[in-house]
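Remarks on the overall topology
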Amino acid sequence: MLRKAFFRLKKSKSDQSSPVSSQETTGSSSLSEIAKMLSASGRIGLGSLRKIAEEKDKEVFVKLVQHPVLAGSAIQAGRISNQEGSGDEMNRTQIFEPSMTNPGASAASEALRHAIYPLVKGEYSTTSTRSFFIGRIDGNDMIMPDFAISKKHAVISRDDGAYYLKDLGSTNGTLVNGTRLDKRPVKIHDKDVVSFARYEFTFLLPASLYKMLRGD
């Protein structure tokens, strides 16, 4: 009993000292509601979000969601090839080579357009509360099981109400509005196009997400 009390006290102190607490990132009650809607890969059903947007007005929706999302939009044209000298092809990230005949070309993907990743920590997240990690393997907050995506590909951090995206030395890179990032974090804004390898997402604040879901 004493051990349980000590654990609760320790957890309480940890939450208070954390620069990004659950209430700061998502709102006090919305964390549990939104987090419970996430799949194991960090996705939330487009239909579920659309239903909420249809049933709630904008102010209520924004208050509920609180945090921005990465909304899938397109896949860049190109091909995937194995890295030379790769001794373990099943575990190594593969190189994405953009189309040479039409560089920068991308195609809408119906499946990807249904992929919405809220910047929310799942109930069983083991990553730092400071940041939202994107990668191919378990342990990330947003899991993209594609070999063009690095195991630890990128991270989004929140600082003083702003969001910053940083590439983690990925094989195929992270882009913002078509510009590849170096190792420095870059501030991202509402409706920016963010790309991880060949996958394009739109960074949307809750109000913009609401408009998209409503078709406004």
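Keep in mind that what you see is a predicted model, and the values were worked out from it rather than measured.

Conventions used here
- Residues numbered from 1 in each chain as written.
- Predicted model: local features only at pLDDT ≥ 70, side-chain atom pairs only at ≥ 80, totals over all residues.
- Heavy atoms only, no water.
- Helix = DSSP H or I, 4+ residues; strand = E, 2+ residues; numbered from the N terminus.
- Buried < 20%, exposed > 50% of the residue type's maximum accessible area, 1.4 Å probe, protein only.
- Contact = heavy atoms within 4.5 Å.
- Phe/Tyr/Trp six-rings, centres within 6.5 Å; stacked < 30°, edge-to-face > 60°.
- Lys NZ or Arg CZ within 6 Å of the ring centre and 35° of its normal.
- Axes fitted to C-alpha atoms, helices over the stretch in contact; angles between N-to-C directions.
- Parallel < 35°, antiparallel > 145°, perpendicular 65-115°, else oblique.
- Nonpolar A, V, L, I, M, F, W, Y, C, P; charged D, E, K, R; others polar.

1. Quick notes on the overall build of the protein
Helix and strand counts for the protein stand at 7 helices and 15 strands. Within the protein, the proportion of its 216 residues that are buried is 43%. Within the protein, residue pairs in contact and separated by at least 24 positions form 57% of the contacts whose partners lie at least 6 positions apart.

2. Some details on the packing of aromatic side chains
Overall, the coordinates contain 4 aromatic pairs when judged by the stated rule. With a centroid separation of 5.9 Å and 75 degrees between ring planes, the pair formed by Y117 and F201 is classed as edge-to-face. Note that Y117 is positioned in strand 6 (residues 115–118) and F201 in strand 15 (residues 199–204), a separation of 84 residues in sequence. The pair Y117 / F201 is uniform in exposure class, with both members buried. Ring geometry for F196 and F201: centres 5.9 Å apart, planes at 50 degrees, overall tilted. The exposure class assigned to F201 is buried, which follows from its relative accessible area of 0%. Following the ring pairs from residue to residue traces out a cluster consisting of Y117, F196 and F201. We note K152 situated over the ring of F133; from NZ or CZ to the ring centre the distance is 5.3 Å.

3. Focus: the environment of T126
With respect to the helices and strands, the residue T126 is situated in the loop between strand 6 and strand 7 (131–135). In sequence terms T126 and N140 are 14 residues apart; their C-alpha atoms lie 8.2 Å from each other.

4. A closer look at the packing of helix 4 (residues 46–55) against helix 7 (residues 206–214)
Put simply, helix 4 and helix 7 touch, their axes get as near as 9 Å, and they point 95 degrees apart. Taken as axis vectors, helix 4 and helix 7 run roughly perpendicular relative to one another. Mapping the contact onto sequence places L46, L49, R50, A53 and E54 in helix 4 and L209, Y210, M212, L213 and R214 in helix 7. Taken together, the residues of the contact of helix 4 with helix 7 break down into 7 nonpolar, no polar and 3 charged.

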